[in-house]
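# Understanding the architecture of this molecule
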Amino acid sequence: MPRIDNDIKLDFKDVLLRPKRSTLKSRSQVNLRRTITFRNSKQSYDGVPVIAANMDTTGTFEMAKAFQPHGMFVTIHKHYTAEEWVDFAANNPECMDHVAISSGTSDTDFTKISEAIEKVPLIKYICLDVANGYSEYFVDYLKKVRKSFPNHTIFAGNVVTGEMVEELLLSGADVIKVGIGPGSVCTTRKKTGVGYPQVSAVIECADAAHGLGGHIISDGGCTCPGDVSKAFGAGADFVMIGGLFAGHDQSGGELIERDGKKMKLFYGMSSTTAMEKHAGGVAEYRASEGKTVEIPYKGDVNGTIKDILGGIRSTCTYVGASKLKELSRRTTFIRVTQQLNNMFGQ
Ligand code: 5GP
């Protein structure tokens, strides 16, 4: 007989943050930087913990250059060569504290990251990314990477439950990527029926990780700056974003014209588009296909960055958090049935 978990699980759309009395005068008083010491690598981090996803279209070197002045982070997609890494690091050493190299679990991936890391000692972060972080094979791969790179900070995922967060931390990961199915171009829930509402996943996984001195990334599902604040409010140490950072000058993906309007292509890492592009290289990457969409061209990513960081700062002033770190402590979620007034459209 199947078990039914009757606890209500919440998504971004199900909650709002309750405002609280505050002594903050303006959002400019809010400090969005965090310093973190990682559980296993023992390395320390200082920055604004918003991450561009390691997708072809958002995890680019161009994005890393645009993010650097803001102290934000980019998980670089796995299709750059070691030579391209060498070139990037030589020309942009200031970016190297805020980028990760990405890897799946294939032997080719391992050889590729090993070669790049050997050539570029400035690479400090490794992001191990699979659709299903629950497989034993993934845990073994993580242990192998930890053994080979004892001082690198390792992000690993994706999972959505506390027991697997613990297992990955105990197997050598520093930061666990949380999210199955919330992504804007993800079809996992449709194809497999598997998933977990993101706010509840973050609350539960953050609790498990923090109990062991680890950290988490809320990955996927942010449709607006308010969702990013909710992810931090739920206890995420980092928030990873794809769709909101797509469609810019710094994003990959072709610029096309439709009915006189400039559009950019955005696609999931297991979409047909990605698979065709990488000729079989990502076929095993995601359990189910992703979508390919055309989105309006949004110009320079700096506009979007200001919008998102301004939004989080403003959230902090509403709940009286002078630092991002305090946001989750100052968070009370209220369950809602409606978020927005759509009288004049979305
Ligand atoms: P977004 O911010 O666009 O809502 O979500 C970004 C996240 O979606 C990525 O960081 C990654 O975890 C996930 N993702 C990217 N491509 C795919 C895909 O093709 N399939 C699935 N299931 N998830 C994807």
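Each remark here, short or long, concerns the structure printed above.
Everything numeric in this text was worked out from a predicted model, so none of it was measured.

## What to know about the overall build of the chain
A count of helices and strands for the chain gives ten helices and 15 strands. Its C-alpha radius of gyration of 19 Å places the chain within 12% of the 20 Å reference for a compact globule of 346 residues. Expressed as a percentage of the 346 residues in the chain, the buried residues total 54%. For the chain, restricting intrachain contacts to residue pairs at least 6 apart in sequence, the fraction spanning at least 24 positions comes to 69%. Only carbon and sulfur atoms are counted for the fraction: they give 51% of the accessible area of the chain, which is about 15,900 Å².

## Quick notes on the nonpolar core
Core analysis: the biggest nonpolar cluster contains 82 residues, and Trp 85, Phe 245 and Ile 312 have the highest contact counts within it. With residues near it in sequence (within four places) discarded, Ile 312 still touches Leu 32, Val 50, Val 228, Ser 229, Phe 232 and Leu 324. Among the nonpolar cores identified, the runner-up in size contains 20 residues, and Ala 100, Phe 155, Val 185 and Ala 246 belong to it.

## Section: helix α3 (residues 107–119)
Across its 13 residues, α3 extends 18 Å between first and last C-alpha, which sits within 8% of the 18 Å expected from 1.5 Å per residue. For α3, the complete set of buried residues consists of Asp 109, Phe 110, Ile 113, Ala 116 and Ile 117. Down the axis of α3, the buried side of the element spans an arc of 140°, and every buried residue falls inside it. Those residues of α3 that are exposed and aimed more than 90 degrees away from the buried face are Asp 107, Thr 108, Thr 111 and Glu 118. Taken together, the buried residues of α3 touch α2 (82–91), β6 (99–103), β7 (125–129) and α4 (136–148).

## Details of the sheet that holds β6
Here eight strands make up a closed barrel; going around it, the order is β4-β5-β6-β7-β8-β9-β10-β11 and the pairing parallel. Across the sheet, the mean angle separating the axes of adjacent strands is 25° when strand polarity is ignored. The pairing of strand β10 (residues 215–219) with strand β11 (residues 238–241) spans three bridges and is classified as parallel. Note on β11: the bridge partner recorded for Ser 218 is Val 239. Here helix α5 (residues 162–170) sits on the sheet and contacts β8 (153–159), β9 (175–178) and β10; the angle it forms with β8, its principal contact strand, is near 155°.

## A short note on the site of the ligand
Contacts to the ligand come from 20 residues, most closely from Ser 184, Thr 188, Asp 219, Gly 242 and Gly 243. The separation between a nitrogen atom of the ligand and a polar side-chain atom of Thr 188 is 2.7 Å. Within the backbone of Gly 221, a nitrogen or oxygen atom sits 2.9 Å from an oxygen atom of the ligand. Its residues placed into classes, the shell around the ligand shows six nonpolar, twelve polar and two charged.

## Here we look at the sheet that holds strand β13 (residues 261–267)
Spatial strand order, β12-β13-β14: three strands in an open sheet with antiparallel pairing. This sheet does not close on itself; its edge strands, each paired only once, are β12 (255–258) and β14 (292–296). Across the sheet, the mean angle separating the axes of adjacent strands is 45° when strand polarity is ignored. Taken together, the four bridges between β12 and β13 define a ladder with antiparallel strand orientation. Following the sheet pairing, Glu 257 is matched in β13 by Lys 262.

## What to know about unusual backbone geometry
In most cases, non-glycine residues show a negative phi, while peptide bonds are predominantly trans. In this structure, Asn 158 follows Gly 157 across a cis peptide bond, with omega equal to 15°. Relative to the assigned elements, Asn 158 resides in strand β8. Of note, Asp 259 is a non-glycine position whose phi angle comes to about 50°, a positive value. Summarising the element assignment, Asp 259 is placed in the loop between β12 and β13.

## Some thoughts on the pairing of β7
On a regular strand, each side chain points to the face opposite its neighbour's, so the side chains alternate between the two faces of the sheet. For β7, a buried count of five out of five residues is recorded, marking the element as mostly surrounded by other parts of the structure. Burial along β7 is two-sided: the face carrying Tyr 125, Cys 127 and Asp 129 and the face carrying Ile 126 and Leu 128 are both buried. Inspection of the sheet shows β6 paired to β7 by four bridges, in the parallel sense. The residue of β7 that forms the bridge with Ile 101 is Ile 126. In this view, the connection linking β6 to its parallel neighbour β7 by way of α3 has right-handed handedness.

Conventions adopted
Residues numbered from 1 in each chain as written. Predicted model: local features only at pLDDT ≥ 70, side-chain atom pairs only at ≥ 80, totals over all residues. Heavy atoms only, no water. Helix = DSSP H or I, 4+ residues; strand = E, 2+ residues; numbered from the N terminus. Rg over C-alpha atoms; globule rule 2.2 N^0.38 Å. Buried < 20%, exposed > 50% of the residue type's maximum accessible area, 1.4 Å probe, protein only. Contact = heavy atoms within 4.5 Å. Areas by Shrake-Rupley, 256 points an atom, 1.4 Å probe, with all protein chains shown as cover. Core = buried A, V, L, I, M, F, W, Y, C linked by side-chain atoms within 4.5 Å. Expected span 1.5 Å × (residues − 1). Arc of directions from axis to C-beta. Pairing = 2+ DSSP bridges. Axes fitted to C-alpha atoms, helices over the stretch in contact; angles between N-to-C directions. Near = heavy atom within 4 Å. Polar contact = N/O pair within 3.5 Å; in protein donor to acceptor, adjacent residues only side chain to side chain. Nonpolar A, V, L, I, M, F, W, Y, C, P; charged D, E, K, R; others polar. Right-handed = clockwise from strand over helix to strand, strands pointing away.

Everything listed here is a matter of geometry and, on its own, says nothing about what the molecule does.
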